[in-house]
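Observations on the model geometry
Residue-level listing of the chains:
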Amino acid sequence: MALTSKDPHNLGELASVILLGARIRRREARGKSTKRLENRVDRIRKDAQKREDAERQK
């Protein structure tokens, strides 16, 4: 279930993205690569959008 009617992400996905964002900031502060974590965030967002698009087409 989406958090709002205009948001394709459910609560679990939002929590994951927020946690990953915190990890990204910590790694950036240490000067380490964040590409892997950024790719995970992108994948979560794309999956949520695909699911929402499929729901709207029903």
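Shown above is the structure to which this text applies.
Attention in this report is confined to the structure presented alongside it. Numbers given for residues are sequential positions, taken from 1 along each chain in its written order. The model is predicted, so local features are restricted to residues of pLDDT at least 70 and side-chain atom pairs to those at 80 or more, both for listing and for counting; the totals for chains, interfaces and linings are taken over all residues. As a convention, hydrogens and water are excluded, and side-chain values are obtained from all of the structure's heavy atoms.

Focus on the packing of helix H1 (residues 11–30) against helix H2 (residues 35–57)
The criterion, for reference: Structural elements are reduced to axes, namely lines fitted to C-alpha atoms, with helices fitted over the stretch in contact, and the angle between N-to-C directions of any two is expressed from 0 to 180 degrees. Only DSSP runs of H or I with at least four residues qualify as helices, and only runs of E with at least two residues qualify as strands; both kinds are numbered from the N terminus onward. Roughly parallel here means an angle under 35 degrees, roughly antiparallel means over 145, roughly perpendicular means 65 to 115, and every remaining angle is called oblique. With the far helix as reference, a near helix turned anticlockwise by less than a right angle produces a left-handed crossing, and one turned clockwise produces a right-handed crossing. In what follows, a contact means two residues having at least one pair of non-hydrogen atoms within 4.5 Å. Ten residue types, Ala, Val, Leu, Ile, Met, Phe, Trp, Tyr, Cys and Pro, are classed as nonpolar, four, Asp, Glu, Lys and Arg, as charged, and the remainder, Gly among them, as polar.
Two elements in contact, H1 and H2, have axes whose closest approach is 9 Å; the angle formed by their N-to-C orientations is 160°. With respect to each other, H1 and H2 are oriented roughly antiparallel. Judged by the sense of rotation from one axis to the other, the crossing of H1 with H2 is left-handed. Along its contact with H1, which presents Glu13, Ser16, Val17, Leu20, Arg23, Ile24, Arg27 and Glu28, the element H2 presents Leu37, Glu38, Arg40, Val41, Ile44, Arg45, Ala48 and Arg51. Residues of the contact of H1 with H2, tallied by class, amount to 7 nonpolar, 1 polar and 8 charged.

Some words on the pattern of salt bridges
Keep this limit in mind: A pair is scored as a salt bridge if a Lys or Arg side-chain nitrogen falls within 4 Å of a carboxyl oxygen belonging to Asp or Glu. Whether a residue is buried, partly exposed or exposed follows from its accessible area with a 1.4 Å probe, protein chains only, as a fraction of its type maximum: under 20%, in between, or over 50%, in that order.
What the rule picks out here adds up to 3 salt bridges. Glu28 is the partner of Arg25 in a salt bridge, and the nearest nitrogen-oxygen pair spans 2.7 Å. Placement of the pair is Arg25 and Glu28 together in helix H1, with a separation of 3 residues, close to one helical turn. For Glu28, a relative accessible area of 38% puts it in the partly exposed group.

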